Amino acid sequence: MLSETVTTLLFYLFAVAAVLLALGVVTSQRILRAAVYLAGVLVCTAGYYLLLDMEFLAGIQVLVYIGGIVVLLVFAIMLTSSPEFREERPPVHRNLLGLLGAGAFFVLTVILLARTKFAVNADGARPENEVAEIGRNLLNYDVGGYVLPFEIISLLLLAALIGGIVIARKKGKNAETGTES
Amino acid sequence: MTTPLLIQAPGPMHWLVLAALLFSIGMYGLLTRRNAIGILMSVELMLNAAALNFIIFNRFVMPGKVDGELMAIFIIAVAAAEVVVGMAIFVSMFKQHKTSDVTRINLLKG
């Protein structure tokens, strides 16, 4: 694996980039630009997964999140707003409430994290063949296996697929012929 | 002998604080955005931070297993489903109301 100094350097590089891009996502007045920043945050997260030795997940992140979800979001933006559409800055009271809520959550989380002792075991070996291990876990129906969530996720994806088609489909095409579709 | 926290090699604490920071930024966006798609993107940020948390605990608490990784894969799948349905709703909402400003959608308000 990489040396400790390189890991530290990469960690802070990605951390600064991810936080700045995330701030861009939530404050940018042009919504399309926010989508591009979101893609940047997701790339940084894929970099984190690589730093944490999860190569398979980094690939999934790039393929599904950036290749699928962000592209879908960009389509949604182009279908629902004109390019010169700008979102005005949030009013002061809403801004304050948002800052207060998010800041309080952050401070509370950090305090809780600092006071908790985790059973850290960072030097343990990763599984020999990570992808094979993931596949075996997904199809394992013993105690601690993941076959039930796996099946539920597949049903959820099918339901979302059908739901998406039904909600966004063009209506009134067959209205004059009187057929239901 | 303890080195200052900022120049140490990143341990679980560094990673967890980073994930919490990303989650809080997403939460701020969720509370202040008015555009429906902006809200959806903030939720994506939060989901992403949550998946990162699972990975951190997988790596630092039980590196020999892949449970956290599986959870992250499930989160990604759920996020994809959420975006599909959300986008369909926003597109049809925009067709009906010609806006995607959530403060002006009050169809279900009594």
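Before going further, it helps to spend a moment on the overall build of chain B. On a plain count of helices and strands, chain B comes out with three helices and zero strands. Along chain B, helices (α) and strands (β) appear in the sequence α-α-α when read from the amino end. For chain B, the spread of C-alpha atoms along the three principal axes comes to 65 × 30 × 20 Å. Looking at the 110 residues of chain B, the share that counts as buried comes to 47%.

Another point: the overall build of chain A. Of regular secondary structure, chain A possesses six helices and zero strands. Burial analysis of chain A (181 residues in total) assigns 20% to the buried set. When contacts within chain A are restricted to residue pairs at least 6 apart in sequence, long-range pairs at least 24 apart make up 45% of them.

With that settled, the discussion passes to the domain arrangement of chain A. Size of an interface, as often reported, equals the accessible area lost when the parts are brought together. Segmenting chain A into domains produces domain 1 (1-85) and domain 2 (128-169). Centre-to-centre separation of domain 1 of chain A and domain 2 of chain A, based on C-alpha positions: 24 Å.

When pLDDT is low, close inspection of the predicted coordinates is not appropriate. Summing up the model confidence of chain A, the mean pLDDT is 85 and the portion of residues at 70 or higher is 90%. Summarising per-element confidence for chain A, the mean pLDDT is lowest in helix α5 (residues 130-138) of chain A (87) and highest in helix α2 (residues 31-51) of chain A (92).

The rules we used
- Residues numbered from 1 in each chain as written.
- Chains lettered and ligands numbered in written order.
- Predicted model: local features only at pLDDT ≥ 70, side-chain atom pairs only at ≥ 80, totals over all residues.
- Helix = DSSP H or I, 4+ residues; strand = E, 2+ residues; numbered from the N terminus.
- Buried ≥ 20, exposed ≤ 12 C-beta atoms within 10 Å, placed from the backbone.
- Contact = placed C-beta atoms within 7 Å.
- Domains from an automatic or database assignment.
- pLDDT = per-residue confidence, 0-100.

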